[in-house]
Amino acid sequence: MRQVKTLGLLGTGVIGGGWAARALHFGIDVVAADTSPAMEQWIRGAVDNAEGALARLTAAPLPPKGTLSFTTDLAAMARQVDFIQENIPEQLELKQRVLAEVSRVAPPDVLIASSTSGLMPTDLQRDMQAPERLLVGHPFNPVYLLPLVELVGGKRTSAQALEAAADFYRYIGMHALTVRREVPGHLTDRLQEALWREILHMVNDGVATTGELDDAIVYGPGLRWAAMGTNMIYHLAGGESGMRHMLRQFGPCLKWPWTRLEAPELSEQLIDRMVEGTQAQAGGRSIRELERLRDDYLVAIQQVLRQFNIGAGATLRALEERLYLQNGAAAREAAARAASPGAAATGAASVETSQPLRLIETQVRPEWVDYNGHMTDSRYLQVFGDATDALLRAVGVDDAYRQSGRAFYTVETHVLHKAEALALDSLYVTTRILALDDKRIHLVHSLFRRRDERLIATGEQLYLHVNRTAGKAAPMDGAMRARLDSIRAAHAGVPEPAGFSRRLRLSAG
Ligand SMILES: NC(=O)c1ccc[n+]([C@@H]2O[C@H](COP(=O)([O-])OP(=O)(O)OC[C@H]3O[C@@H](n4cnc5c(N)ncnc54)[C@H](O)[C@@H]3O)[C@@H](O)[C@H]2O)c1
């Protein structure tokens, strides 16, 4: 299967727009195809709307944004993309026809995933060419913020297609949940619909309003569900003996039963009650307003869960780890060459090490810009911090090192602004180690604008190595110190950035 650089979208409504926003944000180009030309304006608006919340999801360094193009020619889209995500209306015959047509044009190693909420992949792949590359990739609205995607293979889907699709979805920050076998509604919609049927019954029977039923979730079970599912929660509800006790205590209720899973008739009266109830809950707020509110709390919840490394927070952490690693990939190579005593002895590293390390390539993202149109102050610190992160990873500060309770803390930073950086300017950072001892690193980062190689700013920083368990400064790992020392020695002859004068000195000891 090919590496996905360009995602093709088939159908650009609510779900297609969500896929576009997520993929573009993580550096994937998108070719969006829809039979209705009016959808071009719609999808561009949807991507813009998503940007506000997406931009706050993580501060980890992102690759340059992907580019979006739109076409009404489905075949043209299928010919030029690496992965196709289908998001047309939920009608089996329509999906079967369009998937078959597209499969005749898209090369056989291009995966085709359907966003279907409940159709079976075996039915969808029926008339396709190379049907082994068809799978269900079922996302959740808003696709750009909710990480879950259910992967379901049909009778003819290959295991490789499922694995490759999961890799791609993880790359764009999602949690890929592979369903063991196809069932209508997959896993999540089957669960959601069970709850929905109960809601419809209770509204129909006049037991509760839509607002009361939403309160019944929001103030209680909903809070738990953000990080533990029903099964774990019930395990906890059983006290010391967990699920076994829980089943003994509440098992008999299953026979009564409390629930009525057969759906009620959707009478006009029931429809009116549902509509009036939700309108009352909206309290005059527009769908756009409510979407913004939803997006804001979804971002906040994921950031909190990240601290606990649980549920969607664990997915966010894994994504950030990948982004930092990717950010430092070039740095790792350069630092490995500079720090390799063998290479230095043979002179093989002289070309690289006579230069400061070029650590990261980045771009001024639109949300980094202040009211003057320039990159705002705090983002300089962020970029310099990302460069330091790349350097430290390159010399061995990885997750295992951090888990062992050791880390570098920033002690002091001096930023000198030399020129402006505007939205979408491409930038890169070079780094020179100025001094070093067992516990401290003194370095200077230089931030350059790529289009004219202009120095934009310097960031002089002092880092202290700490043992977090002991809560105090401590010597760094010996091998790490040696690697940093080789880089520092190689940098001894490198001129300091123009106009830079040191504010910091490492005093002995
Ligand atoms: N809305 C949700 O919450 C949600 C969640 C998960 C999955 N899904 C699934 O995603 C799919 C799309 O749902 P949606 O809510 O985005 O629908 P939508 O009605 O918002 O968008 C469908 C789009 O498909 C386009 N279209 C129709 N026929 C087409 C064709 N032949 N070729 C290309 N484009 C065509 C339409 O112009 C429209 O823009 C469905 O299968 C749905 O079950 C929806």
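Residues numbered from 1 in each chain as written. Predicted model: local features only at pLDDT ≥ 70, side-chain atom pairs only at ≥ 80, totals over all residues. Heavy atoms only, no water.

**A closer look at the confidence of the model for the chain**
Low pLDDT marks stretches whose predicted atomic positions should not be read closely. Stated precisely, the cut-off is as follows: The pLDDT value expresses, per residue, how confident the predictor is, ranging between 0 and 100. Here, residues are in contact when the closest pair of their heavy atoms is within 4.5 Å.
Mean pLDDT for the chain: 91, with 95% of residues reaching 70 or above. Predicted confidence is poor over residues 343-352, with pLDDT under 50, and the contacts of this stretch with residues over four places away or in other chains come to six contacts.

**What to know about the packing of aromatic side chains**
So the rule is basically this: The rule is short: rings of Phe, Tyr and Trp, with Trp giving its six-membered ring, pair when the centres are within 6.5 Å, and they are stacked under 30 degrees, edge-to-face over 60, tilted in between. Each residue gets one of three labels from its accessible area relative to the maximum for its type: buried under 20%, exposed over 50%, partly exposed in between, using a 1.4 Å probe on protein chains only. The criterion is that NZ of a Lys, or CZ of an Arg, lies within 6 Å of the ring centre and within 35 degrees of the ring normal, and then a charge sits over that ring.
Using the criterion set out here, one finds six aromatic pairs in the structure. Measuring from ring centre to ring centre gives 6.0 Å for W256 and W258, while their planes differ by 65 degrees; the resulting arrangement is edge-to-face. Across the pair, W258 and W256 agree in class, each one exposed. Site record: aromatic cluster; members linked through ring pairs are W19, F83, F168 and Y169. R322 extends its terminal NZ or CZ atom over the ring of Y171, reaching a point 3.8 Å from the ring centre. It is R358 that lies over the ring of Y428; its NZ or CZ is 3.5 Å from the centre.

**Details of the packing of helix α1 (residues 14-25) against helix α2 (residues 39-57)**
This is how it is decided: Note on geometry: axes are lines fitted to C-alpha atoms, helical ones only across the stretch in contact, with angles between N-to-C directions running from 0 to 180 degrees. Each helix is a run of DSSP H or I of at least 4 residues and each strand a run of E of at least 2, with the numbering of both proceeding from the N terminus. The cut-offs work like this: below 35 degrees is roughly parallel, past 145 is roughly antiparallel, 65 to 115 is roughly perpendicular, and the gaps in between are oblique. Left-handed describes a crossing whose near helix is turned anticlockwise from the far helix through less than a right angle; right-handed describes the clockwise counterpart. Residues were grouped as follows: Ala, Val, Leu, Ile, Met, Phe, Trp, Tyr, Cys and Pro as nonpolar; Asp, Glu, Lys and Arg as charged; and all remaining residues, including Gly, as polar.
Here α1 crosses α2 at 55 degrees, and the two axes come no closer than 9 Å. By the angle between their axes, α1 is oblique relative to α2. In the crossing of α1 with α2, the sense of the turn from one axis to the other is right-handed. Two secondary-structure elements touch here, α1 through V14, G16, G17, A20, A21, R22, L24 and H25 and α2 through W42, I43, A46, V47, A50, E51, L54 and A55. Along the lines of polarity and charge, the residues of the contact of α1 with α2 split into 11 nonpolar, three polar and two charged.

**Some words on the sheet that holds strand β8 (residues 175-178)**
Operational definition: When DSSP locates at least two bridges between a pair of strands, those strands are taken to pair.
Read from one edge to the other, the open sheet built from eight strands follows the order β3-β2-β1-β4-β5-β6-β7-β8, with strand pairing classed as mixed. With partners counted over all chains shown, the strands left at the sheet margins are β3 (68-71) and β8, one partner each. Across the sheet, the axes of successive neighbouring strands diverge by a mean angle of 25 degrees, strand direction being ignored. Sheet topology places strand β2 (residues 29-33) next to β3; four bridges connect them, and they run parallel. For A33, the partnering residue across the bridge sits in β3 and is T71. Its contacts with the sheet place α1 against β1 (6-10), β2, β3, β4 (83-86), β6 (134-138) and β7 (148-153), and it is angled at close to 170 degrees to β1.

**Some points on the environment of R502**
The test is simple: Identification of polar contacts relies on pairs of N or O atoms within 3.5 Å, with a donor-acceptor requirement for protein atoms, meaning one able to donate a hydrogen and the other able to accept it, and with residues adjacent in sequence counted only if both atoms are side-chain atoms.
Looking at where R502 falls in the secondary structure, it is placed in the segment after α20 (478-491). Each C-alpha atom, one on R502 and one on H414, is 9.2 Å from the other, the two residues being 88 residues apart in sequence. At 2.7 Å, the side chain of R502 forms a polar contact with the side chain of E496.

**Quick word on unusual backbone geometry**
The amide bond that connects N141 to the next residue, P142, takes the cis arrangement and shows omega of 0 degrees. Residue placement: P142 occurs in the loop between β6 and β7. With omega at -25 degrees, the peptide bond leading from W256 into P257 counts as cis. Tracing the backbone through its elements, the reader meets P257 in the loop between α11 (242-250) and α12 (268-282). Even without being a glycine, A130 presents a positive backbone phi close to 50 degrees. Relative to the helices and strands, A130 is located in the loop between α5 (121-124) and β6. You can call A130 buried: its relative accessible area is 18%. Even without glycine at this site, L424 takes up a positive phi of about 75 degrees. Relative to the assigned elements, L424 resides in the loop between β10 (406-417) and β11 (426-436). Residue classification places L424 among the exposed positions, given a relative accessible area of 52%.

**Here's the deal with the site of the ligand**
As a reminder of what qualifies: Proximity criterion: a residue is near a molecule or strand once any of its heavy atoms comes within 4 Å of it. Per-residue and other accessible areas were derived by the Shrake-Rupley procedure at a 1.4 Å probe size, with only the shown protein chains allowed to occlude residues.
Around the ligand, 23 residues are found, and the nearest of them are I15, D34, E90, K95 and S117. Here S117 contributes a side-chain N or O atom positioned 2.7 Å from an oxygen atom of the ligand. When the ligand is considered free in solution it has 840 Å² of accessible area, and contact with the protein chains removes 75% of it. Looking at the shell around the ligand, the elements that each hand over two or more residues are α1 and α4 (92-105). Element by element, the count of residues in the shell around the ligand is highest for α4, at three residues. Its residues assigned to classes, the shell around the ligand shows nine nonpolar, 11 polar and three charged.

**As for the nonpolar core**
Side chains that are nonpolar tend, in soluble globular proteins, to be buried together. Rules: Nonpolar cores were defined as sets of buried Ala, Val, Leu, Ile, Met, Phe, Trp, Tyr and Cys residues, with membership established by side-chain atoms within 4.5 Å.
V30, F83, L151 and Y169 are the most contacted members of the largest nonpolar core, which has 48 residues in total. One finds W368, A419, A457 and M480 within the second-largest nonpolar core, a separate group that totals 33 residues.

**Here's the deal with helix α13 (residues 287-308)**
Rules: Take the residue count of a helix, subtract one, and multiply by 1.5 Å to get its expected span. Picture the helix axis, draw a direction to every C-beta atom, and the arc is the one those directions span.
Over its 22 residues, α13 runs 32 Å from end to end, which matches the ideal 32 Å to within 8%, given 1.5 Å per residue. If you check which residues of α13 are buried, you get R294, D295, L298, V299, Q302, L305 and R306. What you see down the axis of α13 is that its buried residues fit within an arc of 135 degrees, all on one side. Set apart from the buried face of α13 by more than 90 degrees, the exposed residues are Q307 and F308. Those residues of α13 that are buried are in contact with α2 and α14 (311-327). Two residues or fewer after α13 comes N309, characterised by a positive phi angle close to 50 degrees.

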